[in-house]
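Remarks on the overall topology
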Amino acid sequence: MRISAAAARMLNASFLIRHALGVYVSSNFNGSLPLLRDSYDYIIIGAGIGGLVVANRLSENPEVSVLVIEAGDLDDRAEDISVPGNVGLEDPRRYEVKLEMVAQEFLDGKSRTISQGKAVGGSTIINGLVWTRGSAADFDAWERLGNPGWGWSDLLPYFQKSEKYSENLISPSYNGSILPAPIPIRPVDEKHGKRGPVEVGYPNYYYNQSYNFLGGIQELGIPSNADPNSGIATGAAIVPSSIAAENQSRTDARTAYIDPVLSRPNLHLAAGYTATRILHGDGRGPFSNSTPMPNVSDINITGVEVLLQFAANSTTERVTISCRNEVILAAGAIYSPVLLQVSGFGPADLLRRLGVNIAVDLPGVGSNLQDHPTLQPVYQCECDLPHSFGDTDEHLGPWTAPMVNTVALPPLEWVTDRLEEVLDEAAKTINHLPSSYDPTLRAGYAAQKTETISILSRNDTPAYEVMSTSWGQLAVSVMQPLSRGTVFARSSSVFENVPPIVDPRFCSHPVDCKLLLIALKFNDRLIQTEPMAALMPVPPPGFGIADARNQTALDEVMRTRITSGLHPSGTTSMLPLELGGVVDPSLRVYGTRNLRVVDAGVIPLIPGAHIQAAIYAISEKAADIIKAERPDLLPSEDPYAKNSTRG
């Protein structure tokens, strides 16, 4: 039975009534924030993964007051959000914002858009549900880049803490007969969590083409991987999704981390409000664990300036809320650097152009933008069509299957005999970085490039991903991009930064496009395998078998189709200051006493994976770091045990 949007909103309202002990303030309060306190121990800006994980963990202590500020609102739990088969079909005006990026000079000179979640739960409300961590080598590279305690073995406990992993090894088909999973699923038990907040599992339905895809991949010599989240990601795999085992519905940061604990009286959520500035004054000396900057006094963060998100204009009266301990910025890799910049933290030249007083000159704020450049060719085929079916069939049918559940993640040496040529070009290409890069950012990129080339030479880390979607796509994404972009504020007002100046500079390093060409050539071979040929696939114009023989023409067509993989990261990187870093290994912003960033922006080198699992792990570790620095605020036990989400 399908639930109407109106019924879902009624359920949502009843949820808020049941949790009336806590404070949820929506934008209906005309901007006065009447139910909130004047000050909090911790103020968190942004209710995506980072914000909600940290809010949950810090508020476990009833003596610690926590405020979460979010520009979006609570979603209504309607089926276009909760049902996996609806991924990509939700109304984009409801819980996401599409930001126009600058024209891509290294592609076709045209702009693209990138979607960002705008709701409590952030982009986990609208993402594709794919749950992949990346390879151990991805995270060991973070540690080698100057971040002790951030390697694979350090993060694995936090991957485990965040997830409630369940195995579903038999797939009921839509007509009720039982089919085995297309390839073996054998999770490495000791690598997974069983008591965490985020439900992770496998669908109860696989599309027919999933069997053909995986059969074709293996015909080309790509072995199956029974657990791509074990630390070795390469191979053909059925990937788990962030779905509930009981009813196959979406699990997101809101349902996992905030809904169960919103009754805590010390946890307040203000939705529909925008943080317009981070307020600061001179410090009185650093915290014991802060990282000082030469010739810079540590800045003391005093609070946040807040404005009603849906106010008529930016002159509406602002409200100041003070913090006693810390402000934690978790607005995502696009808006976190923008908010830092308009608050006085960023490249000095940019801040002067904006007319913003310089608090800390940090060249790295907004630089090192990374994403997975992606192509999404749709092949006409004799395939199951996900939306040609009727009801959800009691959580067994195709509506319960996510958009992507079968992938191939090949390392470079499995798919080309030109490995050394590609690595040599990756190393020798110069003059491709943004003109805004200063010597520290250039040094940081040089260190990152060394790690990326090393990763590309391995056989346990993928060079690219092939995703078989529910409607015939064979989408390909570069997993180890060498290009770097920027995110800069276009104005000192947050309200004039929709969008900010977002420039991913796709294929500014030519090897990224070369990797996509290799992936398309692989697709060409794939559709000619016996299992895939049975589907009678017809490539889209420009991507046919004959087209693939003319690499120049294919490259030209390809550059008109490349878009964002929706994994922006790196813009507030966790790197040493001399490598263009913005935060230290405790995620504290350099030059400040009590300001941290906890979101995808802190990722120094994007992992070869969909990044939601990594952000959950980062956030869980961040919460432990914050609590460890204030042991006087730690409870001896969780007083909210019945509402706890401990992993």
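Residues numbered from 1 in each chain as written. Predicted model: local features only at pLDDT ≥ 70, side-chain atom pairs only at ≥ 80, totals over all residues. Heavy atoms only, no water.

1. Remarks on the overall build of the chain
Condition: Only DSSP runs of H or I covering at least 4 residues are called helices, and only runs of E covering at least 2 are called strands; the numbering of each starts at the N terminus. Buried, partly exposed and exposed residues are distinguished by accessible area as a fraction of the type maximum, computed with a 1.4 Å probe on protein chains only: under 20%, between the cut-offs, and over 50%, respectively. We call two residues in contact when some of their heavy atoms are within 4.5 Å. Per-residue and other accessible areas were derived by the Shrake-Rupley procedure at a 1.4 Å probe size, with only the shown protein chains allowed to occlude residues.
A tally of regular secondary structure across the chain gives 17 helices and 23 strands. Burial status across the chain gives 64% buried among its 647 residues. Within the chain, contacts between residues at least 6 apart in sequence are counted, and of these 77% link residues at least 24 apart. With the model as given, the accessible surface of the chain reaches about 23100 Å², and the carbon-plus-sulfur share is 52%.

2. Remarks on the environment of Gln-551
Mapped onto the elements of the fold, Gln-551 is located in helix α16 (residues 551-559). Looking at Gln-551, the relative accessible area reads 33%, which means it is partly exposed. Taking the C-alpha atoms as reference, Gln-551 lies 7.7 Å from Leu-517; in sequence the two are 34 residues apart.

3. A word on the packing of aromatic side chains
Rules: Between rings of Phe, Tyr and Trp, where Trp is taken as its six-membered ring, a pair exists when centres lie within 6.5 Å; planes separated by under 30 degrees are stacked, by over 60 edge-to-face, and by other angles tilted.
Summed over all chains, the structure comprises nine aromatic pairs. Relative to Phe-159, the ring of Trp-152 lies with its centre 5.9 Å away and its plane at 40°, an arrangement referred to as tilted. Ring centres 6.2 Å apart and planes at 85° place the aromatic pair Tyr-165 and Tyr-202 in the edge-to-face group. Here the residue Tyr-165 occupies a position in strand β6 (residues 163-165), and Tyr-202 occupies one in the loop between β9 (198-200) and α7 (208-219), the gap between them amounting to 37 residues. The class of Tyr-165 is buried, set by a relative accessible area of 5%. Relative accessible area serves as the criterion here: at 1%, Tyr-202 is assigned to the buried category.

4. Things to note about the confidence of the model for the chain
Note the following rule: pLDDT is a per-residue confidence score from the predictor, ranging from 0 to 100.
For the chain, per-residue confidence averages 86 on the pLDDT scale, and 83% of positions sit at 70 or higher. A low-confidence stretch, residues 1-21 stays under pLDDT 50, and its non-local contacts, those more than four residues away or across chains, total 31 contacts.

5. A word on the state of the cysteines
Formally: Criterion for a disulfide: a pair of cysteine sulfur atoms within 2.5 Å.
One pass over the structure, following the stated rule, counts one disulfide. Residue pairing for Cys-507: its cysteine sulfur links by disulfide to Cys-513, the two sulfurs lying 2.2 Å apart. Handedness here is read from the sign of the S-S torsion; for Cys-507 and Cys-513, about 100°, the answer is right-handed.

6. Examining the packing of helix α12 (residues 419-428) against helix α13 (residues 439-456)
Note the cut-off: Interaxial angles span 0 to 180 degrees and are taken between N-to-C directions of axes, which are lines fitted to C-alpha atoms, for helices over the stretch in contact. Between 65 and 115 degrees an angle is taken as roughly perpendicular, under 35 as roughly parallel, over 145 as roughly antiparallel, and anywhere else as oblique. All amino acids are sorted into three groups, where Ala, Val, Leu, Ile, Met, Phe, Trp, Tyr, Cys and Pro are nonpolar, Asp, Glu, Lys and Arg are charged, and the leftover types, Gly among them, are polar.
Relative to each other, α12 and α13 sit at 175°, their axes nearing to 10 Å. In terms of orientation, α12 and α13 fall into the roughly antiparallel class. Together, Leu-419, Leu-423, Ala-426 and Ala-427 of α12 and Lys-449, Ile-453 and Leu-456 of α13 make up the contact between the two elements. In terms of residue class, the contact of α12 with α13 is built from six nonpolar, no polar and one charged.

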